[in-house]
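What follows is the residue order along each chain.
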Amino acid sequence: MHSDPGLAEALTPRHIGRPIERHEDAALLTGRGRFADDLGEPPGTLQAAVLRSPHAHAELLAVDASAALAMPGVRAVLTGEDVQRWSQPFVVGVKAPMQHWALAVDRVRYSGEPVAVVIAEDRYLAEDALDAIRVEYRALPATVDIAEASEAGAPVLHEAVGSNVVNERFFRYGDPEQAFAGAARRVALTVHYPRNSCTPIECGVVVAEHQPEADGGHAYEVLSNFMGPFSLHSVMSLALGVPANKLRHRVPRDSGGSFGVKQAVLPYVVLMCLASRKAGAPVKWVEDRLEHLGAATSATARLTHITAALDGEGRITALDWDQRDDVGAYLRAPEPATFYRMHGALSGAYDIPNLAVRNRVVVTNKTPTGLVRGFGGPQVYYALERLMDRIAVELAEDPVALRLRHYVRPQQFPYTAAAGAVLDSGDYHRLTAMAMAAAREQGLWQRQAAARAAGRLYGIGVAAIVEPSVSNMGYISTVLTPEQRAKAGPKNGAIASATVAIDLLGGVNVVVASAPAGQGHMTVCAQVVADVFGLQPAQVVVNVEFDTAKDAWSVAAGNYSSRFAGAVAGTVHLAASRLRDKLARIAAPQLGCPPQRVRFEGGAVFDEQMPERRQPFARLAANPHWAPALLPEGEAPGLRETAFWTAPTLAAPDAQDRVNTSAAYGFVFDVCGLEVDPATGRVRVDRYITGHDAGRLLNPALADGQIRGAFAQGLGAALMEEFRYGADGSFQSGTFADYLVPTACEVPDPVIVHLETPSPFTPLGAKGLGEGNNMSTPVVIANAFADALRPLRDLADVRLPLTPSRVLALIGEAGGLAEPAPPAGLGRRAEPARVAGGLALQAQGSVDIAAPPEKVFAVLLDPAALARVIPGCHALQRDGEHRYRADVTVGVGLVKARYEARIELSEIDAPRSLRLAGSGQSSLGTGSGSGTVRLEATASGTRLHYDYAAQVGGKVAAVGSRMLEGAARIVLAQLFESLGRQAAGDAAVRKATWWRRLLAWLGVAR
């Protein structure tokens, strides 16, 4: 039975289920959006800039901000000492002695970790002052690989823990030992799911104000585009050392996307509160794109070894999961959510009775991880659905047939999985058949046959997943042992809240405890309420701004885990229904009928048996405001209802570690046909069919929009998006030049198939569907890719993303088609070199200078002349024979840094050749390099040949190899132009016209 007995009446065909246009769009399309950075600021608001560590792992020896504080317009600098004095470390979700402060206090543990905050009168002054802060580090070895970090002897990030494995748990469901002992066959697979993230249009924004109280206490008021508050409000309050009601948090109406990542605003809320306390004024911080990519958050990388036990008939009787999660430098709340959100559903869509599970949480010198769309799902299904394909290969069985015979059958619902998930409803066989029929209509198998006949690589893959929605707040406590949970107390549920009110002229207003980021919550809430009261959605006003001091909310409130359709919209329905029932009791005496006969339709209220007895809705709804004394006996005044709801099936983990991790579970079945170009390594998705059962669809147009968005993101994860790190932990994907995301040109339009099997456990029978394709698309593309390569090789280990260079390497290893030579003068771009020091750059070339070798060489040996040659050089001082100290400013894209450098000349053979070596460091990174310069006399002067190699780390490396290579060409062009001018004299150098400068900037001119 549904939890709301009035469901049948409430769902008479009106607005729910119709694809009406979004109410939000008029404001957004006319520039009237209310985003966090658009809103007014408190008077006297200062601007903040964050100084970040250039090292992935180092002791923090000293922070000297005196020079920054002396700069005009700088009001304060927040350091680790302030943070230790005024706050506490963030709480950690496991029993391990780790400390994570809002600023680094003893060590830095990832490149980009905040070290200090400058608060100034504007952002420009704050950014400039960052360069004036002097930080003394002692570099330590870094660890960036999951497997290496979890082994003995790896550099330890948290000495008090003593290991980088900060939590390890073993689970056993059913009798997996017996199943494996009696297995006729075992199939095993090791898979790697990489780090990637989301790229919302709007990055993080925080406006914080410290409010000292008369009794010496402290309170804070914050506006941010955080997607909470949910449980992280308590994490922030505890870190600030104030009661929860002393941290007021407001969220604006509009948010330029989140996809989960805006939970990462959490530490900056605390940081800016402390910055406001230090400066004695409100403080605003706006995250830039480099900060967001390099230091906000990422999806959790996972290394999984999964084994299946099969009986004599090829049926899976048990699964053995060995999973290691790379959570980055700190286990930051809500982690280890990525591990345990899917824990109850580790058997996926399949009826598998026995499970053995080993989970290890591993810290590495990388950005802390957190919620990224579908968190937990991509990691689980990448292993499970790759395993299903491997089983099909080894059994020589059709992969669809294998899945069909392992599915949970329709008559088994609600089905309790081995680890505790209660799969609420579905018909997996029927939706699979519908998706396969659509695939046949698209001609996938004919297209594959034609491609293979022509010698092209074309593959077809499938994947089946269950999509969780409305998370059980108790699932994370599964990381604790039963004894630890008993001591801490049970945690469970998914409380949602909503308020529906009617004003004195009969207008209907709705307030929800959510923080939408573009999904259309206002539209759907209006549809739900309009159906309850018999109105048009345009008559309903929905407020999605959020204020913890005024709005009804609880520990689960917020916008995450696809909870809107099942929990939030359902709770809106409950609140509206209660208010409707109250209005029916008020109307009944006026209409001369019992309340059960009162109907709300067409903007009127009437007796269903005598429809001529009616009143306009607005008049009836206004009466209780104007004449409360005329209310029926026993009816309280006021037309406002606040409803709270939690799913009845969401219990705390039991003593055997079984847990129903979500209230509802949709089903997704995908079919993908793709082609691999052996000449370029490009993978092109040719046809894509995605089938969804998300229970009752509240608005099909918005549902399809969510599916398309998740598909695009899953496609990016499969083919393009990856956070890359150097061996020293330097981050190397800090711009869109190196962190590639799909555009409309790369994303085909999927064929979408729907099946609706309403959930018996949500008020409207709806389930979530905003994350499913982010779980299914990466693995279905991997399965199709493996199928495409099958004529060349049987590939088990498919590593994402499938970039052209990675694909070409796989084809080459398989002895596939010969790679054609590139056109003359055009070389294929190689992957950037990675060395212990960070990102490596190399270049060779020559340039003609209109001066004899003797004069050119003289410039290279003259400190005064050399200072004028080096681009961005402020000063060059002799520090020994052919050794110099230099003060140099280097700019690369978004990054501009002032380096203290050492330069040395050696192997001098005047005037023919020398070696130039240098190293430098700044607040933003490190760099070093060396190269040879050889001078050759020509008829017109000198041909200078150069061959250099350099490596960079820290924020400079984060801009990525593409931008660094471009910047290197620019710097070389500037250097050689200056060298020629110094050697030949300005008059002898041909005039650099604007177009020559442009060509030099592009790296074309010589």
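Residues numbered from 1 in each chain as written. Predicted model: local features only at pLDDT ≥ 70, side-chain atom pairs only at ≥ 80, totals over all residues. Heavy atoms only, no water.

Here we come to the pairing of strand β5 (residues 114-120). Counted residue by residue, β5 has seven buried out of seven residues, so it is predominantly covered. Summarising the sheet, strand β1 (residues 46-52) and β5 pair through six bridges and their orientation is antiparallel. If you follow Q47 over to β5, its bridge partner there is A120. (Buried < 20%, exposed > 50% of the residue type's maximum accessible area, 1.4 Å probe, protein only. Helix = DSSP H or I, 4+ residues; strand = E, 2+ residues; numbered from the N terminus. Pairing = 2+ DSSP bridges.)

On to the packing of aromatic side chains. On inspection of all chains with the given rule, the structure shows 21 aromatic pairs. Here the aromatic rings of Y407 and Y428 are separated by 5.8 Å at their centres, their planes lie at 80 degrees, and the arrangement is edge-to-face. In this pair, Y407 is assigned in the loop between α13 (399-404) and β16 (415-416) and Y428 in helix α14 (residues 428-441), connecting sequence segments 21 residues apart. Per residue, the accessibility class of Y407 equals that of Y428, and both read buried. A network of ring pairs unites the aromatic residues Y350, Y407, F413, Y428 and F667 as a single cluster. For the cation-ring pair, R341 lies above F375, with the distance from its terminal atom to the ring centre recorded as 4.5 Å. (Phe/Tyr/Trp six-rings, centres within 6.5 Å; stacked < 30°, edge-to-face > 60°. Lys NZ or Arg CZ within 6 Å of the ring centre and 35° of its normal.)

Time to look at the sheet that holds strand β10 (residues 218-224). A sheet is described by the order of its strands in space; here eight strands give the open sequence β3-β5-β1-β12-β9-β10-β11-β22, paired in mixed fashion. Strands at the two margins of the open sheet, each flanked by one partner only, are β3 (74-78) and β22 (546-547). Helix-sheet contacts for helix α8 (residues 232-240) involve β10 and β11 (247-251), and the interaxial angle to β11 is about 140 degrees. (Contact = heavy atoms within 4.5 Å. Axes fitted to C-alpha atoms, helices over the stretch in contact; angles between N-to-C directions.)

Let us now look at the confidence of the model for the chain. Here the chain averages 90 in pLDDT, and 90% of its residues register 70 or above. Predicted confidence for residues 1-11 stays below pLDDT 50, and this span has 23 contacts to residues more than four positions away or in other chains. Predicted confidence for residues 987-995 stays below pLDDT 50, and this span has eight contacts to residues more than four positions away or in other chains. (pLDDT = per-residue confidence, 0-100.)

What follows is about unusual backbone geometry. The linkage connecting G228 with the following residue, P229, adopts the cis geometry, with an omega of 20 degrees. Along the chain, P229 turns up in the loop between β10 and α8. Each neighbour pair has its own omega, and for F413 with P414 the value is -10 degrees, a cis peptide bond. Considering the arrangement of structural elements, one finds P414 in the loop between α13 and β16. Even without a glycine there, the phi angle at F230 is positive, about 25 degrees. With respect to the helices and strands, the residue F230 is situated in the loop between β10 and α8.

In this section: the pairing of strand β14 (residues 316-326). A regular strand places its side chains on the two faces of the sheet in alternate fashion. For β14, the buried fraction is high: nine of the eleven residues fall into the buried class. Across ten bridges, strand β13 (residues 301-310) lies against β14 in antiparallel orientation. Each bridged residue has a counterpart across the sheet, and for T304 the counterpart in β14 is Q323. Hairpin connection, β13 to β14: the antiparallel pair is bridged by five residues, and G314 has positive phi, about 80 degrees. In this structure, β14 lies alongside strand β15 (residues 354-362), joined through nine bridges in parallel fashion. Directly across from A318, in β15, lies its bridge partner N354.

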